[in-house]
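Observations on the three-dimensional arrangement
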Amino acid sequence: MGIKDLLRFLKPYIKPIHIKKYAGKRVGIDAYSWLHKGAYSCSMEICLNMEGHKKFQYLNYFMHRINLLRHYKITPVVVFDGGNIPCKDATGLERDRRREVSRGLAMDKLKEGNVNAASELFQRAVSITPSMAHQLIQILRSEDIEFVVAPYEADAQLAYLSSLEVDNGGIVAVVSEDSDLLAYGCPAIVFKMDRYGNGEEIVLNKIFESSDHVPSFRHFDIELFAGMCVMAGCDFLPSVPGIGIVKAYSLVSKYRNLDRALSVLKFEKGNQMPEDYLKSFREAMAVFQHARIYDADSKSLKHIKPLPEKLLQSLDQDLDFLGPEMPPSMAAAIAKGDLDPSTMEAFDHCPSSTTYLKFSMKFQTCDQLPRQEATAISTEETCFSIISSHKARKERTAEMGWIAMLEEGKYSNEAMKLEKLVSPLSTQSIEESTKITDEISLKAPDNNPFRKRKLAELELDQLENVTEQLSVVTEAEKMEISWVKTESQESVDSKPIKMMMTDGKKRAKSEKLKRDNCLNSENKKSSILNFFCRV
DNA sequence: GGTTTGTTCAAAT
DNA sequence: TGAACAAACC
């Protein structure tokens with residue numbers, strides 16, 4: 001979901017680009033966005049866990065795009081989401097609830113025999129399971145595509161990778177659909193990349209440096225920008241009623257200081273502001289600035305940016321809202337895709353086996369994991385090598401060729417003929433190789449077992465104290481507010497930021513569409529050529 | 001009149 | 001789930 005209306009608000013800074021702009025570079029991929037889009041074409045098959053290869057269509061979709069990047073000599077780095085962080089639970093639970101409702105309705109339609117209506121509802125019911133992500137991971141391994149599973153938010157991991165030098169595993173841009181990346185400070189993001197590589201790019205520095213665009217962010221830095229995002233409403237904290245991106249921008253750009261902007265907000269909307277809003281605001285800011293990520297260098301959990309002592313104190317040393325700390329062995333096992341980040345169970349590698357390793361979920365034991373388990377995870381063979389240890393690498397590559405070919409339905413006859421020349425794999429053998437963990441339900445519980453402990457432990461009166469301190473506005477502040485309020489009104493009213501498209505822009509858009517269509521047919525040709533070359 | 005909020009429709013093949 | 005549009009609100 002990201003930041004409400006942010007992309008629409010930043011329209012003047014969005015530039016159409018083609019992904020080949022990043023030829024020769026390392027580019028991060030937000031796995032979830034492509035997995036989710038890919039799942040549309042086979043949502044019913046996924047929801048009902050139907051037999052046949054169609055339920056793996058999302059893998060074709062994903063690998064088609066990976067191959068597109070490789071065709072343009074881009075090195076993809078795929079980043080998966082890990083566990084949920086506590087403050088995101090509310091939005092997550094609501095989404096799950098809606099999916100369940102859609103699923104129920106879909107089943108009803110199916111019983112009535114209305115497959116079309118059911119199919120439409122299944123599209124709303126489909127969710128990306130750890131098992132689906134893991135199936136993709138196995139293909140990425142076999143194709144030598146770099147990937148990492150973030151301990152928590154993939155966005156945070158992507159922003160962290162963006163801050164690294166290329167030599168240290170850094171990336172220069174991210175392909176995603178999630179506007180949160182901007183709040184995390186990700187320097188370059190490509191949104192809405194289509195199957196030909198056309199997309200829309202936002203470069204963060206251009207936003208801060210440009211002087212001839214409205215809205216102007218000349219006097220913003222990344223902290224103010226993130227503050228504006230949180231105020232406008234994000235996944236970690238809904239906005240105060242009546243506050244959207246335009247009002248949030250007005251407040252932050254006027255005072256150029258988040259505490260002041262919040263004071264004014266409290267003065268104006270205090271009656272509609274939840275008691276703990278200021279505390280939640282600080283926490284949401286801390287997520288964007290100091291989220292926990294996996295550091296491949298030290299092979300352990302780190303913060304994007306270390307927390308200053310002052311901030312730690314104001315948060316009462318309690319960082320569980322960022323997702324709980326975990327031992328390096330566990331973070332590394334998650335990052336490598338060996339451990340399900342939601343259940344903390346090892347992914348089962350062998351379809352015939354029903355036994356699996358299980359990490360102790362108690363926080364207390366995290367620092368001293370049973371040595372056997374830790375070494376078992378870190379030294380065992382990767383899941384794909386176990387499944388396919390009897391399979392030559394050549395055959396696996398051929399398999400991928402088959403999957404990619406399948407996507408180009410029109411050319412499948414030619415593709416299959418060519419494929420048979422390379423390797424006489426039957427459809428069935430591919431189904432078997434991709435059917436890995438379906439027997440075991442890996443449905444992730446939405447909450448992380450770690451997080452409950454600390455809350456329970458925390459003294460209630462301490463909690464109240466913190467809330468009180470954060471929500472109190474002193475007399476001095478009140479005086480300042482009454483002073484700034486008059487100026488605030490002036491600033492908000494004198495420079496309204498229009499978010500509606502003018503007719504001129506609409507015309508420009510339809511002309512752009514025409515141009516894109518021409519470009520698309522060219523790109524499609526090269527894309528198809530690419531697949532034949534691979535086989 | 002401008003902004004927020006609610007509703008509808010398309011997405012992939 | 002996001003984008004576009006319509007209605008409601010200030």
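No experiment lies behind these values; they were computed from the predicted model shown.

Scanning chain A for helices and strands turns up 25 helices and nine strands. Taking as baseline every contact in chain A between residues at least 6 positions apart, the subset at least 24 positions apart corresponds to 74%. Summed over its atoms, the accessible surface of chain A is roughly 26000 Å², and 53% of this surface lies on carbon and sulfur atoms.

In total, this model carries 13 aromatic pairs according to the counting rule given. On the basis of an interplanar angle of 90° and a centroid distance of 6.4 Å, the ring pair of phenylalanine 9 and phenylalanine 217 is categorised as edge-to-face. Of the two residues, phenylalanine 9 is situated in helix H1 (residues 6-9) and phenylalanine 217 in the loop between helix H10 (204-209) and helix H11 (222-232); the sequence distance between them amounts to 208 residues. Ring geometry for phenylalanine 217 and tyrosine 249: centres 5.3 Å apart, planes at 70°, overall edge-to-face. Remark: tyrosine 249 occurs in helix H12 (residues 245-255) and phenylalanine 217 occurs in the loop between H10 and H11; sequence separation between them is 32 residues. With a relative accessible area of 8%, tyrosine 249 lands in the buried category.

Here the focus is the UniProt feature "domain: XPG-I" (unreviewed entry) in chain A. Following the UniProt record, the feature "domain: XPG-I" (unreviewed entry) maps to residues 141-213 here. Across residues 141-213, the secondary structure splits into 30% helix and 25% strand, with the terminal C-alpha atoms separated by 44 Å.

Further remarks concern the pattern of salt bridges. Using the criterion set out here, one finds 15 salt bridges in the structure. Taking the shortest distance from any N to any O, the salt bridge between arginine 70 and glutamate 143 comes out at 2.7 Å. One end of the pair, arginine 70, is in helix H4 (residues 57-71); the other, glutamate 143, is in the loop between helix H7 (130-142) and strand S4 (146-149), with 73 residues separating them in the sequence. With a relative accessible area of 5%, glutamate 143 lands in the buried category.

Within the secondary structure, histidine 36 is located in helix H2 (residues 31-40). Dropping the residues within four chain positions of it, histidine 36 is found in contact with Arg99, Val126 and Ile128.

Viewed as axis vectors pointing N to C, H4 and H7 meet at an angle of 45°, and their least axial separation amounts to 10 Å. Classified by the angle their axes make, H4 and H7 are oblique. For the element pair H4 and H7, the recorded crossing hand is right-handed. Facing H4, whose interface residues are Tyr58, Leu59, Phe62 and Met63, H7 presents Met132, Gln135, Leu136, Ile139 and Leu140. Among the residues forming the contact of H4 with H7, the class breakdown is eight nonpolar, one polar and no charged.

Let us look at the nonpolar core. Among the nonpolar cores identified, the biggest contains 134 residues, and Phe80, Phe217, Phe225, Met228 and Met231 are the most heavily contacted of them. Residue contacts for phenylalanine 225: discarding those within four places in its chain leaves Leu6, Leu10, Leu182, Ala183, Leu204, Ile207, Phe208, Phe217 and Phe220.

Quick look at the pairing of strand S5 (residues 173-176) now. Residue alternation in S5 divides its side chains into two sets, Ala173 and Val175 and Val174 and Ser176, and both sets are buried. Two strands pair when backbone bridges link them, and strand S2 (residues 26-30) and S5 are joined in this way by three bridges, in the parallel orientation. Across the sheet, the residue bridging to glycine 28 is valine 174, located in S5. As paired strands, S5 and strand S6 (residues 188-191) are joined by three bridges and run parallel to one another. When the bridges of S6 are listed, serine 176 appears paired with phenylalanine 191.

What follows covers the side chain of glutamine 157. Tracing the backbone shows glutamine 157 in helix H8 (residues 154-163). Look past the residues within four positions of glutamine 157 in its chain and what remains in contact with it is Val79, Val148, Ala150, Pro151, Ile293 and Tyr294.

Another point: the sheet that holds S6. The mixed open sheet is built from seven strands, whose spatial order is S1-S7-S6-S5-S2-S3-S4. Whereas interior strands pair on both sides, the edge strands pair on one side only; in this sheet they are strand S1 (15-18) and S4. For this sheet, the mean inter-axis angle between neighbouring strands, taken without regard to orientation, is 30°. With four bridges connecting them, S6 and strand S7 (residues 198-203) associate as antiparallel partners. Counterpart to isoleucine 189 in the pairing with S7 is isoleucine 202. Contacts from H2 reach S2, strand S3 (75-80) and S5, with the element oriented near 55° to S2.

Low-pLDDT stretches of the model should not have their predicted coordinates read in fine detail. Taken over all residues, the pLDDT of chain A has a mean of 72, while the share at 70 or more is 65%. Below a pLDDT of 50 lies the segment residues 350-495, which in the model reaches 215 contacts outside its immediate sequence neighbourhood of four places, other chains included. Segment residues 500-535 is flagged for pLDDT under 50; beyond a separation of four residues in sequence, or across chains, it makes 38 contacts in the model.

What follows concerns the environment of proline 241. As for its placement among the helices and strands, proline 241 is situated in the loop between H11 and H12. The class for proline 241 is partly exposed, based on a relative accessible area of 42%. In this structure the C-alpha to C-alpha distance between proline 241 and leucine 35, which are 206 residues apart in sequence, comes to 33 Å. Once you skip the residues sitting within four places of it in the chain, proline 241 turns out to touch Lys269 and Gln272.

Further remarks concern H11. Most of H11 is tucked away, with nine of its eleven residues classed as buried. Taken together, the buried positions of H11 are occupied by Leu224, Phe225, Ala226, Gly227, Met228, Cys229, Val230, Met231 and Ala232. Packed against the buried residues of H11 are H1, helix H9 (180-183), H10, H12, helix H13 (258-269) and helix H14 (277-290). At the N-terminal end of H11, a side-chain oxygen is found 3.1 Å from the backbone nitrogen of glutamate 223, two or three residues along, and the residue is aspartate 221. Of the residues flanking the end of H11, it is glycine 233, one or two places downstream, whose phi is positive at about 110°.

Procedures and definitions
Residues numbered from 1 in each chain as written. Chains lettered and ligands numbered in written order. Predicted model: local features only at pLDDT ≥ 70, side-chain atom pairs only at ≥ 80, totals over all residues. Heavy atoms only, no water. Helix = DSSP H or I, 4+ residues; strand = E, 2+ residues; numbered from the N terminus. Contact = heavy atoms within 4.5 Å. Areas by Shrake-Rupley, 256 points an atom, 1.4 Å probe, with all protein chains shown as cover. Phe/Tyr/Trp six-rings, centres within 6.5 Å; stacked < 30°, edge-to-face > 60°. Buried < 20%, exposed > 50% of the residue type's maximum accessible area, 1.4 Å probe, protein only. UniProt positions renumbered as here; feature names shortened; annotations may be inferred. Salt bridge = Lys/Arg side-chain N within 4 Å of Asp/Glu carboxyl O. Axes fitted to C-alpha atoms, helices over the stretch in contact; angles between N-to-C directions. Parallel < 35°, antiparallel > 145°, perpendicular 65-115°, else oblique. Left-handed = near helix turned anticlockwise from the far one by under 90°. Nonpolar A, V, L, I, M, F, W, Y, C, P; charged D, E, K, R; others polar. Core = buried A, V, L, I, M, F, W, Y, C linked by side-chain atoms within 4.5 Å. Pairing = 2+ DSSP bridges. pLDDT = per-residue confidence, 0-100. Polar contact = N/O pair within 3.5 Å; in protein donor to acceptor, adjacent residues only side chain to side chain.

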